[in-house]
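# Remarks on the overall topology
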Amino acid sequence: MPPQRVLVLELVTGGQRAGWFQRRVLHPSYHGVMSSVVAVWARHAGADVTYRIYTGSESPAELLRGEWDVAFISSFTRTAWTAYTVSYHLRTRGVVTALGGPHAHSYPEDSRRWFDYVLGFTDPEVVRQVIEERAPAAERGRWLSAERHPAVLPGLRERAPFVDAAVQRGRIFHAVPALTSLGCPYTCDFCSDAQVPFKPLPLVDVEDDVRFARARWPKAMVFWHDPNFGVRFDETLGAVERGLEGARGLFGAESSLSLLSPSRLARMRDVGFTVMVPGIESWFEYGRKTGVGAAAGLARVEATSAQINSILAAIPYVQVNFIVTLDADTACANMALTREFVARCPAAWPNVNLVTAFGRSSPLSRTLAAEGRILDVPFPLLDTKCCWNLACDESQIEILRELVGLLRYISSVQATARRVSASRGWRAGLINLLRTWGGDALRRRARWYQQLLEWTERDADYRDFVTGRSPIVPRQLLDRALERLGPFRELLPPALAEQTRTGTRSEPLSEHLQLGRA
Ligand code: B12
Ligand code: SF4
């Protein structure tokens, strides 16, 4: 029997028109570990495998060119409608489709309407089963999941041909994704890893990944995609150091502040860590992972700013993550304190996210789903930047006003000048400048939030939706979501096109969310 022809497709954008910087620099650096891992496992299962990453540069026809038996598609929620559209067209050509990644994990029931398989934890057996079985779904796709994360993953040596395909799409900056661990020992209720036990991967694999990456992609940054890098700090850094064999690498990672002591930072600096992304999230909650104990409010700003400045002394580029929640008093107080933080740590990039309940992916989102508080905000807008998806009373007007003020402050000429001059080196300064005023600029975001504020104040239909009184998705949000589909907008499956026309679904999202996993 000839080998099965397998396509592994990684969607890192939904198709929206984007500038050169996004298409050529940013999107190609967004590839994850799992798509190339799945490609390797499919090869092990005897398939003839093609890996493709969609960065927004190619037409849908170019993207889907070829003959396939099975397609594995990796999608975040923001690219879910594009994934559904791709699956719909592949299935009309007889291809069996399987969805994996954050959207499958968050919205399994909705995904089953569009895919033959929807995958949770994925290991070689799950991949083999899909390829061998290749059963087109009669009506709903099948939910398949391993009991837990795999204990080992194929290393970069094996993943290289697929990683190359992504790296070659990028310009200026190249990222190579790798992992030293899965899961997380912390339990932040908004996070999809809150209940996934921490599991380190074998140190020999970490060491080999570092050694191999240095030889194969000497100028690329190895970005550790661990939900929380460095939980077993000494062992992990030891493996990185052995892999480097005395040389210096180029690394980035997301890590809890509580893990980043001065001696550890010095060690990270010496091996070549250049980018760190610690999560602060809030000045009132999640104190354990920031390592500030009971300190809250201004006291936490003071302690944390000092720590971030000490990180910046060792690591040139630091992004800190914040979450804007929907409890008006706390949210506004948080944002006021974030301004204070920006003034004290001008070189750190403040990444402001909107609290988002991604379907059934976290303890918080499951509680909110059970309370019926999750709104059916169109998936393309669920990127933690565009919209919240939680019902809230009219106090959100106040939160939006504060948010507009915060973003204007962060992107003001004075704050930008301070940021650029405080940045360590011209590269960090340039990145900060591009992120403030280029591409997905903060000012554009501030204008969008201003628009949301005005709709909430003046448009009764819009207000009824965002306060949870009406399930009908307002036209403004549907149009914005359709814009994000670029050329895929014309290719939407009929039921989805109808949903975007009327703003209602044949099966309400709230019912799916109550159902849980298939
Ligand atoms: C590393 C990371 C990133 C990296 C890499 C992203 C990537 N391409 O994988 C970077 C920094 C680029 C990133 C960017 C973004 N991220 Co991010 N990121 C994470 C993080 C911290 C870890 C994910 C990870 O790799 N885990 C390790 C893997 C092995 O475990 P896993 O994801 O559970 O995967 C298992 C299964 O789901 C399955 N699987 C996973 N992928 C695939 C693919 C296929 C084909 C198959 C078959 C199976 C499969 O197999 C795995 C093994 O069991 C999570 C938060 C968290 N704590 O999990 C957020 C998270 C995934 N990110 C999130 C978001 C929102 C974003 C951004 C939209 C943020 C933004 N506004 O820019 C962008 C989108 C990037 C993109 N590719 O489109 C959300 C996604 C929610 C959702 N439903 O969409 C998460 C869950 C955080 C959150 N808010 O809760 N992110
Ligand atoms: S520390 Fe990070 S990865 Fe761990 S549970 Fe909290 S948000 Fe999730």
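Anything mentioned here points back to the structure above.
Fair warning: this is a prediction, and the values are worked out from it, not measured in the lab.

Attention now moves to the overall build of the protein. A tally of regular secondary structure across the protein gives 23 helices and 14 strands. With the C-alpha coordinates aligned to their principal axes, the bounding extent of the protein is approximately 65 × 65 × 40 Å. In the protein, which comprises 518 residues, the proportion classed as buried is 46%. Taking as baseline every contact in the protein between residues at least 6 positions apart, the subset at least 24 positions apart corresponds to 75%.

The next point concerns the nonpolar core. With 143 residues, the main nonpolar core has V6, V8, A42, V70, V222 and V318 as its most contacted residues. It is helix α2 (residues 33-44) that provides the largest number of residues to this core, a total of eight residues.

Okay, the site of ligand 2 next. The environment of ligand 2 is made up of 12 residues, and the closest members are C184, Y186, C188, C191 and P227. Grouping the amino acids of the shell around ligand 2 by side-chain chemistry returns six nonpolar, four polar and two charged.

Right, let's talk about the sheet that holds strand β10 (residues 221-224) for a bit. Ordered by their spatial adjacency, six strands build an open sheet running β7-β10-β11-β12-β13-β14, and the pairing between neighbours is parallel. In the strand order of this sheet, the two ends are held by β7 (175-178) and β14 (349-354), each with one partner. Neighbour-to-neighbour, the strand axes of the sheet open up by a mean angle of 20°, direction not taken into account. Examined bridge by bridge, strand β13 (residues 317-324) and β14 share six bridges and lie parallel to one another.

The local shell around ligand 1 holds 35 residues, among which G32, M34, T77, G100 and P227 are the closest. Among the elements of the structure, α2, β3 (70-74) and α5 (102-106) are those that each provide at least two residues to the shell around ligand 1. Residues that form the shell around ligand 1 fall into these classes: 14 nonpolar, 16 polar and five charged.

Moving on: the sheet that holds strand β1 (residues 5-11). The strand order across the open sheet built from six strands is β2-β1-β3-β4-β5-β6, with neighbouring strands paired in parallel fashion. Since the sheet does not close on itself, it has two edges, and those belong to β2 (48-54) and β6 (142-144), each with one partner. Direction aside, neighbouring strands of the sheet carry axes that sit 20° apart on average. Taken together, the five bridges between β3 and strand β4 (residues 96-100) define a ladder with parallel strand orientation. By the bridge assignment, S74 is partnered in β4 with G100.

Turning to its location among the elements, P177 is positioned in strand β7. For P177, a count of 22 C-beta atoms within 10 Å puts it in the buried group. Measuring from C-alpha to C-alpha, the distance between P177 and A213 comes to 10.0 Å, with 36 residues separating the pair along the chain. Residue contacts for P177: discarding those within four places in its chain leaves H31, G32, V33, F223 and H225.

Now for helix α16 (residues 396-410). With 15 residues, α16 ought to run about 21 Å at 1.5 Å a step, and its terminal C-alpha atoms sit 21 Å apart, in line with that. Among the residues of α16, Q396, I399, L400, E402, L403, L406, L407 and I410 are the ones counted as buried. Angular distribution of buried residues about the axis of α16 spans 165°; they occupy a single face of the element. Those residues of α16 hidden inside the fold are in contact with β13, α14 (328-344), β14, α17 (413-422), α19 (442-458) and α20 (460-466).

Our next topic: the packing of helix α9 (residues 203-216) against helix α10 (residues 233-244). The geometry of α9 relative to α10 is characterised by a closest axis approach of 7 Å and an angle of 35° between their N-to-C directions. The element α9 and its partner α10 pack so that their crossing is right-handed. Side by side, α9 and α10 meet where L203, V206, E207, D208, D209, V210, R211 and R214 of the first sit next to E235, T236, A239, V240, R242, G243 and L244 of the second. For the contact of α9 with α10, a count of residues per class yields six nonpolar, two polar and seven charged.

The subject of this paragraph is the pairing of β3. Of all five residues in β3, five are buried, a share of seventy percent or more. Residues V70, F72 and S74 point to one face of β3 and A71 and I73 to the other, with burial holding for every one of them. Here five bridges tie β1 to β3, and the two strands are oriented parallel to one another. The partner of V8 across the bridge, within β3, is F72. This β-α-β element, β3 to helix α4 (residues 80-92) to β4, shows right-handed connectivity.

With that settled, the discussion passes to the pairing of β13. Look at any regular strand and the pattern is simple: side chains alternate between the two faces of the sheet. Two strands pair when backbone bridges link them, and strand β12 (residues 273-281) and β13 are joined in this way by four bridges, in the parallel orientation. Bridging from a neighbouring strand, G279 pairs with N321 of β13. Handedness of the crossover joining β13 and β14 through α14: right-handed.

With a phi angle near 50°, E245 is a residue other than glycine that sits in the positive phi range. Counting through the fold element by element, E245 comes out in the loop between α10 and β11 (251-255). Not every positive phi belongs to a glycine, and E281 is a case in point at roughly 65°. Here E281 is to be found in strand β12. For E281, a count of 22 C-beta atoms within 10 Å gives the class buried.

Before going further, it helps to examine the packing of α2 against helix α8 (residues 156-167). Interaxial distance between α2 and α8 falls to 9 Å at its minimum, and their mutual angle equals 115°. Two packed elements cross with a definite hand, and for α2 against α8 that hand is right-handed. Taking contact as the criterion, the partners of S36, V37, A39 and V40 in α2 are, on α8, E158, R159, F162 and V163.

With that settled, the discussion passes to the environment of T122. Note on placement: T122 falls in the loop between β5 (117-119) and α7 (124-133). Given 23 C-beta atoms within 10 Å, T122 falls into the buried group. Distance from T122 to E454, taken between C-alpha atoms, is 44 Å for residues 332 residues apart in sequence. Sequence-distant contacts of T122, that is, excluding residues within four places in its chain, are made with M34, V38, G100, V127 and A146.

Criteria and cut-off values
- Residues numbered from 1 in each chain as written.
- Chains lettered and ligands numbered in written order.
- Predicted model: local features only at pLDDT ≥ 70, side-chain atom pairs only at ≥ 80, totals over all residues.
- Helix = DSSP H or I, 4+ residues; strand = E, 2+ residues; numbered from the N terminus.
- Buried ≥ 20, exposed ≤ 12 C-beta atoms within 10 Å, placed from the backbone.
- Contact = placed C-beta atoms within 7 Å.
- Core = buried A, V, L, I, M, F, W, Y, C linked by C-beta atoms within 7 Å.
- Near = placed C-beta within 6 Å.
- Nonpolar A, V, L, I, M, F, W, Y, C, P; charged D, E, K, R; others polar.
- Pairing = 2+ DSSP bridges.
- Axes fitted to C-alpha atoms, helices over the stretch in contact; angles between N-to-C directions.
- Expected span 1.5 Å × (residues − 1).
- Arc of directions from axis to C-beta.
- Left-handed = near helix turned anticlockwise from the far one by under 90°.
- Right-handed = clockwise from strand over helix to strand, strands pointing away.

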